[in-house]
Amino acid sequence: MTKAAIVIGRGPAGLLSASYLSQRGCEVTVIADAEGSLAMWPSDFSFGRTQDAHQSFPIQLSLVEWLHSFRELVSLFDTFGVTLVLPTIEGIPCTVTAIGRLRPTFATPSWQYSSIEPEDLVFVGVDGLADSIVEAQVASYREHSHRDAIACTIPKPPGWDQSWGALRFAIYLDSDAGIDWLTDQLKLALSGVPVGRAVVLPQVLGLDRTDEIISRLSAELERSVAEFPLLSPSVGGIRVRDRWERWLRHQGVRFLSGRVEEISPAPRIALGDGRVFESDYVFLATGGVLGGGAKVAIDGHVTDGLVNRGLGHMEQLKDLNSLGHRDIDCLGDGRVLAVGRAMGGWNPNRDHNGGAMVVSTVRAALEMHARVDL
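Below or above, wherever it landed, is the structure these notes cover. (Residues numbered from 1 in each chain as written. Predicted model: local features only at pLDDT ≥ 70, side-chain atom pairs only at ≥ 80, totals over all residues. Heavy atoms only, no water.)

Counting through the fold element by element, Glu 72 comes out in helix α2 (residues 63-79). You can call Glu 72 buried: its relative accessible area is 17%. Apart from the residues lying within four places of it in its own chain, the contact partners of Glu 72 are Tyr 20, Arg 24 and Arg 363. (Helix = DSSP H or I, 4+ residues; strand = E, 2+ residues; numbered from the N terminus. Buried < 20%, exposed > 50% of the residue type's maximum accessible area, 1.4 Å probe, protein only. Contact = heavy atoms within 4.5 Å.)

So, in structure tokens, the structure goes:
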């Protein structure tokens, strides 16, 4: 008999949970009241600061489990059309940030710049793009990489006005006219730059046609072309989200809009508009600094409103941190599981371990889900 699963939230942890549950034969419904955090995600998976030898995670997976999870992630992304560039025996690739620094990354989409060793680069700025700070990037890159960098800027595209942001640029560059314009402008801007020096541009090279655009530019310019991620909204994250959700819908996963107000045993899901759903499993992937559904009262007490459970007091951070992922089974019967919640000691903003948090919590929840005696 096919089991039903509800995933609450449509960020990386929610979509990863929905993917694996669907692949394991569940009938999956995703419920969310917002678009999720993928639009704020640069699209690469980071697993922690490599220099922190003492790095520890609330959920410890064995080497075999990590390797299996990582390979499963890579295979999944390939299935919905995102090729990931991975570490090699020579080392861990670095990507270039929006301020021109190098940052280690463990799984990077092929459109995003990555390199094992720093190299001479050309940073391309786009006039009219607010986050295009090419001169500052070049100075920062030279200082931190000890390699040469060149700055060049291309003009505003036809039809530009002050409302254009990164997403509007990407939509324009998805068109034939946009691709032709960009190709011509880059040929002019790079006419005096030695052939072969890699070029990095802001992450605006289309939404649906990114791979085609980069392939054409690399061939016509006779040099490697890639992007660096911008600040939110992240075009790279939106690309991943759109391809991922299209694939999930094709697999039969349903997406519903609504705000979950209560989760009770059975499990039973109640939405704010009165709709009620029953399911065999619930994966709670609603994110947040304290985790999905966490509420802080005026007196400092923290509760998880969705499962009506006290989490502790803001002054007792140690006790509060002992909850979250270590206490991943919210209702005690293995049917309501928390994934991707920034609790239990996780701090992706500080430790750059968001990829590890998502992968390991989903993995742990799947293992618990498999042990439930139905």
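From this point, things continue past the structure.
To continue, consider the environment of Phe 169. Here Phe 169 lies in helix α4 (residues 166-173). Here the alpha-carbon distance between Phe 169 and Leu 207, two residues 38 residues apart in the chain, equals 9.8 Å. Setting aside residues up to four positions removed in sequence, Phe 169 forms contacts with Val 126, Asp 127, Gly 128, Leu 129, Pro 157, Trp 160, Trp 164 and Val 204.

Turning our attention to the sheet that holds strand β13 (residues 268-271). Read from one edge of the open sheet, 3 strands run β12-β13-β14, paired in antiparallel fashion. Across the chains shown, the open sheet's two edge strands, defined by having one partner strand only, are β12 (260-264) and β14 (276-278). The average undirected angle you get between the axes of adjacent strands in this sheet is 20°. Note: β13 against β14, 3 bridges, orientation antiparallel. Paired with Ala 270 across the strands is Val 276, a residue of β14. (Pairing = 2+ DSSP bridges. Axes fitted to C-alpha atoms, helices over the stretch in contact; angles between N-to-C directions.)

Along α4, the positions that sit buried rather than exposed are Ala 166, Phe 169, Ala 170, Tyr 172 and Leu 173. Considered in projection along α4, the buried side chains sweep an arc of 160° and stay on one side of the axis. (Arc of directions from axis to C-beta.)

Our next topic: the sheet that holds strand β15 (residues 281-284). Pairing is parallel in the open sheet, where 5 strands are placed in the order β11-β2-β1-β15-β19. Edge positions in the open sheet fall to β11 (254-257) and β19 (336-338), since each of these has one partner strand only. Each neighbouring strand pair of the sheet contributes to a mean axis angle of 20°, computed without reference to strand direction. With 4 bridges connecting them, strand β1 (residues 4-8) and β15 associate as parallel partners. Among the inter-strand pairings, Ile 6 is bridged to a residue of β15, identified as Val 282. Sheet contacts for helix α10 (residues 354-371): β15 and β19; angle to β15, the most-contacted strand, approximately 165°.

A word on the pattern of salt bridges. Scanning the entire structure with this criterion turns up 23 salt bridges. Measuring nitrogen to oxygen at the nearest pair gives 2.8 Å for the salt bridge that ties Arg 259 to Asp 33. Taken as a pair, Arg 259 in the loop between β11 and β12 and Asp 33 in the loop between β2 (27-32) and α2 lie far apart in primary sequence, 226 residues in all. Across the salt bridge formed by Arg 363 and Glu 72, the nearest N and O atoms sit 3.8 Å from each other. Residue Arg 363 is found in helix α10, and its partner Glu 72 is found in helix α2; the two are separated by 291 residues along the sequence. Here the two residues Arg 363 and Glu 72 agree in accessibility, since each one is buried. Ionic contacts of the salt-bridge type, sharing partners, join the residues Asp 120, Arg 142, Arg 147, Asp 148 and Arg 197 into one network. (Salt bridge = Lys/Arg side-chain N within 4 Å of Asp/Glu carboxyl O.)

All right, on to unusual backbone geometry then. The phi dihedral of His 146 is positive, around 60°, even though this residue is not glycine. His 146 sits in the exposed class, given a relative accessible area of 68%.

The two faces of β15 match: Tyr 281 and Phe 283 on one face and Val 282 and Leu 284 on the other face are all buried. Relative to β19, β15 runs parallel, the two sharing 3 bridges. Directly across from Phe 283, in β19, lies its bridge partner Leu 337.

On to the packing of helix α1 (residues 12-23) against helix α7 (residues 235-250), then. Remark: α1 packs on α7, axes separated minimally by 11 Å, with the N-to-C direction vectors making an angle of 30°. When the axis of α1 is compared with that of α7, the two are roughly parallel. Helix-helix and strand crossings are classified by hand; for α1 and α7 the assignment is left-handed. Residues Pro 12, Leu 15, Leu 16, Ala 18, Ser 19 and Gln 23 of α1 form the contact with α7, whose own contacting residues are Trp 244, Glu 245, Trp 247 and Leu 248. Within the contact of α1 with α7, the residues separate by chemical class into 7 nonpolar, 2 polar and 1 charged. (Parallel < 35°, antiparallel > 145°, perpendicular 65-115°, else oblique. Left-handed = near helix turned anticlockwise from the far one by under 90°. Nonpolar A, V, L, I, M, F, W, Y, C, P; charged D, E, K, R; others polar.)

A general feature of soluble globular proteins is that nonpolar side chains tend to end up buried together. Phe 77, Phe 123, Leu 182, Leu 186, Leu 205 and Trp 244 are the most contacted members of the largest nonpolar core, which totals 86 residues. For this core, the element with the most residues is α10, which contributes 7 residues. Not counting chain neighbours up to four residues away, the residues in contact with Leu 186 comprise Val 124, Ile 154, Leu 201, Leu 217 and Leu 221. In this structure, Ile 8, Ile 31, Val 282 and Val 336 belong to the second largest nonpolar core, which totals 11 residues. (Core = buried A, V, L, I, M, F, W, Y, C linked by side-chain atoms within 4.5 Å.)

In helix packing, the relevant descriptors are the interaxial angle and the interaxial distance, both defined with respect to the helix axes. Their axes nearest at 11 Å, the elements helix α5 (residues 176-189) and helix α6 (residues 210-221) cross at an angle of 30°. As summarised for this structure, α5 and α6 are arranged roughly parallel, according to the angle between their axes. The two elements α5 and α6 meet at a crossing, and its hand is right-handed. When α5 is examined against α6, the residues Ile 179, Asp 180, Leu 182, Thr 183, Leu 186 and Lys 187 are found in contact with a partner set consisting of Glu 212, Ile 213, Arg 216, Leu 217, Glu 220 and Leu 221. Its residues assigned to classes, the contact of α5 with α6 shows 6 nonpolar, 1 polar and 5 charged.

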